[in-house]
Amino acid sequence: MDSLSINSLLEDLKNPDEIVREHATRKLWRIWFKQKGISALETIDRSQKLLDAGELDEAETVLNQLIEEQPDFAEAWNRRAFLYYSSRKYHKSLADCQKVVEIIPVHFGALHGMGLCYAALGEYGEAIKAFQRALEIQPYSLVNQKLILECTLRIS
């Protein structure tokens, strides 16, 4: 998909119509997951099945290998960030989220993940900044708005 189409989807995230926003969100996730083709997508799916089965070490191994083979595959880094966050390895998760944003600066999922990591680490000011960056891309995201308020209350 060309950058013009992606820019159009990013603009749709700012549309007042919820259906337009949801369609754009789904389409962007699909683009990101399919960035490296069917084989990489199948590997992501395999890691998710392992994660769902509670086999975290195996899921991490699968993602580590995928990242080694495809270091510019943002969604591989993002999935590993999720795995680390789920395992309360917040510093590792944060590092992977930062890598995702390095590859895809508008990856609202990774920005949200960064905010969650910072909040879990008690770094509420940094969490607010990450959630605000995500809101610049998805201004109607109620979850990010709510988390900004929660973090603001924790600072006060």
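The structure presented is a predicted model; accordingly, all values stated were derived computationally and were not measured. Chains are numbered independently. Their residues run from 1 in the order of the written sequence. Totals for whole chains, interfaces and linings use all residues, but because this is a predicted model, local features are given only for residues with pLDDT of at least 70 and pairs of side-chain atoms are given and counted only at 80 or more. Only hydrogens and water are set aside; all other atoms, that is, all heavy atoms of the structure, feed into the side-chain values.

Only one rule defines a salt bridge in this text: a Lys or Arg side-chain nitrogen within 4 Å of an Asp or Glu carboxyl oxygen. In total, this model carries five salt bridges according to the counting rule given. Here lysine 99 ties to glutamate 102 by a salt bridge, and the two come within 3.2 Å at their closest N and O atoms. With lysine 99 and glutamate 102 both in helix α6 (residues 90–103) and three residues apart, the pair spans about one turn of that helix. Starting at the N terminus, helices and strands are each numbered in turn, a helix being any DSSP run of H or I of at least four residues and a strand any DSSP run of E of at least two.

UniProt positions are given in the numbering used here, feature names are shortened, and annotations may be inferred rather than shown by experiment. Residues annotated by UniProt as "repeat: TPR" (unreviewed entry) correspond here to residues 108–141. A helix fraction of 79% and a strand fraction of 0% characterise residues 108–141, whose end C-alpha atoms lie 10 Å from each other.

For the rest of this paragraph, the subject is the packing of helix α3 (residues 37–52) against helix α5 (residues 74–86). Here, axes are lines fitted to C-alpha atoms. For helices the fit covers the stretch in contact, and angles between N-to-C directions go from 0 to 180 degrees. Two elements in contact, α3 and α5, have axes separated by 11 Å at closest approach and are oriented at 5 degrees. Here α5 runs roughly parallel to α3, going by the angle between their axes. Seen from α3, the contacting residues are Ile44, Gln48 and Leu51; seen from α5, they are Glu75, Ala76, Arg79, Phe82 and Leu83. Lys, Arg, Asp and Glu make up the charged group, whereas Ala, Val, Leu, Ile, Met, Phe, Trp, Tyr, Cys and Pro make up the nonpolar group; the residues left over, Gly among them, are polar. Residue composition of the contact of α3 with α5, grouped by class: five nonpolar, one polar and two charged. Our angle categories are set so that under 35 degrees counts as roughly parallel, over 145 as roughly antiparallel, 65 to 115 as roughly perpendicular, and the remainder as oblique. The contact criterion used throughout is that any non-hydrogen atoms of two residues lie within 4.5 Å.

Simply put, the disulfide is a covalent bond whose two ends are the sulfur atoms of two cysteines. Only a pair of cysteine sulfur atoms within 2.5 Å qualifies as a disulfide here. The full count for this structure, using the stated rule, is zero disulfides. Between cysteine 97, a free cysteine, and cysteine 117, which holds the nearest cysteine sulfur, the sulfur-to-sulfur gap is 4.9 Å. Relative accessibility decides the category of a residue: with a 1.4 Å probe and only protein chains considered, values under 20% of the type maximum give buried, values over 50% give exposed, and everything between is partly exposed. For cysteine 97, a relative accessible area of 2% translates into the label buried.

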